[in-house]
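Structure assessment
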There are 2 protein chains.
Amino acid sequence: MKPEHLHGTEDCRAVSQILQRIGDKWSLLVVRRLGDGPMRFNELRRAIGGISQKMLTTTLRTLERDGFVTRTIFATVPPRVDYELTDLGRELEIPVKGLAEWAIVNSGRINEARRRFDGENAA
Amino acid sequence: MKPEHLHGTEDCRAVSQILQRIGDKWSLLVVRRLGDGPMRFNELRRAIGGISQKMLTTTLRTLERDGFVTRTIFATVPPRVDYELTDLGRELEIPVKGLAEWAIVNSGRINEARRRFDGENAA
DNA sequence: CTGAATCCCCCAAGATACTG
DNA sequence: CAGTATCTTGGGGGATTCAG
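Please read all numbers here as calculations on a predicted model, not as lab measurements.

Some remarks on the protein's contact with DNA strand C
- Around DNA strand C there are 18 residues in total, and A:Arg71, A:Tyr83, B:Lys25, B:Lys54 and B:Met55 lie nearest to it.
- Per the 4 Å cut-off to the protein, sugar and phosphate atoms form 65% of the nearby atoms of DNA strand C.
- The side chain of A:Gln53 places a nitrogen or oxygen atom 3.2 Å from a base nitrogen of DNA strand C.
- Elements with a minimum of two residues in the surface near DNA strand C: α3 (41-48), α4 (53-65) and β3 (80-85) of chain A together with α4 (53-65) of chain B.
- For the surface near DNA strand C, the element with the most residues is α4(A), which contributes four residues.

Written out as structure tokens, the structure reads:
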């Protein structure tokens, strides 16, 4: 590995992978919610809103596989499953938060650029 | 603009939008390349590698629409088109770079988590 | 309550061919 | 050189149903 610069195409693709990974439709919303503490399946489902059962399951499985959340099963009746952020998941929130703040601050500029672009194109 | 805390679901969705926007297959690679300076279409195409003509066009158009890159046409023969990052595009690189460094540093932990998860599942 | 399994739709994305 | 137009496909994502 070259310590001099991390600007290689390889690194860039790795970053793109991660970004695609957490940039899907639901992952970030789930992670954000779990940032407030452990939650159960349907609790999470209601909190997010608009997510199907299947997608929540899929999203949680992938997050678990990547080591961002843990899944704890309580063998009770009715069954209960808690999801919680791992250390890795919590650390992820730091750079994501940076991007989040940027996005919120600059969303106006982006929307303005879009309006201008669409306006020129329509005319 | 809102000076309050940014923990609302609305904000979170906005962030998710942005992440999906730049988290697609090619946008980040294009932005990264343009970070080194203006480039022409095919120059960019060769530099990235593996991207089809259509996808590069689409990606560049979207980035232009969102105000991240500019498109400059030189009415010469043969035609020449330069793409260049805007200020907004360059500012975007800052938080993205934070995420990039995190991704590179922690990619090992993610891969390890995946191997462990897949191992348990296979066994 | 917490999922797994199935069906289905739509669109991102690639391949190919053509144009200014 | 820098695109546009058209066709095709893989998979993301939703609705529904079944199971432990």
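Text resumes after the structure shown.
Describing the interface of chain A and chain B
- Taken together, the 51 residues of chain A in the interface contact 51 residues of chain B.
- When residues of chain A are sorted by the area they lose upon contact with chain B, A:Arg65, A:Leu99 and A:Trp102 head the list and together hold 14% of the total.
- Salt-bridge contacts for A:Asp118 lead to B:Arg65; the nearest nitrogen and oxygen are separated by 2.5 Å.
- Our count for the chain A to chain B interface comes out at eight residue pairs in polar contact (both at pLDDT 80 or more).
- Listing elements by their share of the side of chain A that touches chain B, those giving two or more residues are α1 (9-22), α2 (27-34), α4 and α5 (87-122) of chain A.
- With 22 residues, the top contributor of residues to the side of chain A that touches chain B is α5(A).
- Tallied by class, residues from the side of chain A that touches chain B come to 24 nonpolar, nine polar and 18 charged.

Quick word on the protein's contact with DNA strand D
- Around DNA strand D, the structure places 19 residues, and the nearest of them are A:Lys25, A:Lys54, A:Met55, B:Arg71 and B:Tyr83.
- Take the atoms of DNA strand D that sit within 4 Å of the protein: sugar and phosphate atoms are 60% of them.
- Contacts to DNA strand D include A:Trp26, whose side-chain N or O atom sits 3.5 Å from a phosphate oxygen.
- In the environment of DNA strand D, a base nitrogen lies 3.0 Å from a nitrogen or oxygen atom belonging to the side chain of B:Gln53.
- Broken down by secondary-structure element, the contributors of at least two residues to the surface near DNA strand D are α4 of chain A together with α3 (41-48), α4 and β3 (80-85) of chain B.
- It is α4(B) that provides the largest number of residues to the surface near DNA strand D, a total of four residues.
- Looking at side-chain class alone, the surface near DNA strand D contains eight nonpolar, five polar and six charged residues.

Definitions and cut-offs
- Residues numbered from 1 in each chain as written.
- Chains lettered and ligands numbered in written order.
- Predicted model: local features only at pLDDT ≥ 70, side-chain atom pairs only at ≥ 80, totals over all residues.
- Heavy atoms only, no water.
- Near = heavy atom within 4 Å.
- Polar contact = N/O pair within 3.5 Å; in protein donor to acceptor, adjacent residues only side chain to side chain.
- Helix = DSSP H or I, 4+ residues; strand = E, 2+ residues; numbered from the N terminus.
- Contact = heavy atoms within 4.5 Å.
- Buried area = accessible area lost by both parts, 1.4 Å probe.
- Salt bridge = Lys/Arg side-chain N within 4 Å of Asp/Glu carboxyl O.
- Nonpolar A, V, L, I, M, F, W, Y, C, P; charged D, E, K, R; others polar.

Read these as spatial facts, not as claims about activity.
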